[in-house]
Amino acid sequence: IDQFSSINIGNNNVMSGGAFSSVAIGSNNVINANRSLILGNNLTSDHLGAVLLGDWNGTALSSSTSNQFTGRFIGGYRFLSVNADNTKGMFLQGTN
């Protein structure tokens, strides 16, 4: 942990001078901004309050503005709306 009140769990994560109150979990992630959250691989937060979630795809992904949610999941997204039914909700599938 390079900065006060920050958490760094994983491999090859970097928290620079602007990483106060930030969390990085995964590998090869970079946090350059305060109050950022990263979970995944090859993600970079350059903006205050950015949240990045990513799969284990090797492609780098960065925040583009403050207080932004960014997600990358090559297998698609599932946002479920019924507790006991995995078929109800919103599904987004990529076309790679």
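See above for the structure.
A brief report on the enclosed structure follows. Note that the structure is predicted; figures quoted are calculated from it, not measured.

The subject of this paragraph is unusual backbone geometry. Note: most residues except glycine have negative phi, and most peptide bonds are trans. Backbone geometry places S21, a non-glycine residue, at a positive phi of 55 degrees. Residue placement: S21 occurs in the loop between strand 2 (14-15) and strand 3 (23-27). Note on S21: relative accessible area 30%, which makes it partly exposed. Within the chain, R35 stands out as a residue other than glycine whose phi angle is a positive 55 degrees. Looking at the element boundaries, R35 is found in the loop between strand 4 (30-31) and strand 5 (37-41).

With that settled, the discussion passes to the nonpolar core. Ranked by size, the top nonpolar core spans 8 residues in total: M15, A19, A24, I31, I38, L43, A50 and L52. Setting aside anything within four residues of it in sequence, one finds I38 in contact with V23, A24, I25, N29, V30, I31, L43, T44, S45 and L52.

The subject of this paragraph is the sheet that holds strand 5. Here we have 5 strands laid out as an open sheet, ordered 1-3-5-7-9, and parallel in their pairing. Edge strands, defined here as strands with exactly one partner in the open sheet, are strand 1 (7-11) and strand 9 (69-72). The average angle at which neighbouring strand axes cross in this sheet is 10 degrees, direction not considered. Where strand 7 (residues 51-54) and strand 9 come together, 4 bridges link them in parallel fashion. Bridge assignment links L53 to a residue of strand 9, and that residue is G71.

Let us now look at the sheet that holds strand 2. Sheet strands associate in pairs through backbone hydrogen bonding, adopting either a parallel or an antiparallel arrangement. Ordered in space as 2-4-6-8, the 4 strands form an open sheet in which the pairing is parallel. Of all strands in the sheet, those bounded by a partner on one side alone are strand 2 and strand 8 (61-62). As defined by bridge partners, strand 2 adjoins strand 4 across 2 bridges and the pair is classed as parallel. What sits directly across from M15, in strand 4, is I31.

So, how was this worked out
- Residues numbered from 1 in each chain as written.
- Predicted model: local features only at pLDDT ≥ 70, side-chain atom pairs only at ≥ 80, totals over all residues.
- Heavy atoms only, no water.
- Helix = DSSP H or I, 4+ residues; strand = E, 2+ residues; numbered from the N terminus.
- Buried < 20%, exposed > 50% of the residue type's maximum accessible area, 1.4 Å probe, protein only.
- Core = buried A, V, L, I, M, F, W, Y, C linked by side-chain atoms within 4.5 Å.
- Contact = heavy atoms within 4.5 Å.
- Pairing = 2+ DSSP bridges.
- Axes fitted to C-alpha atoms, helices over the stretch in contact; angles between N-to-C directions.

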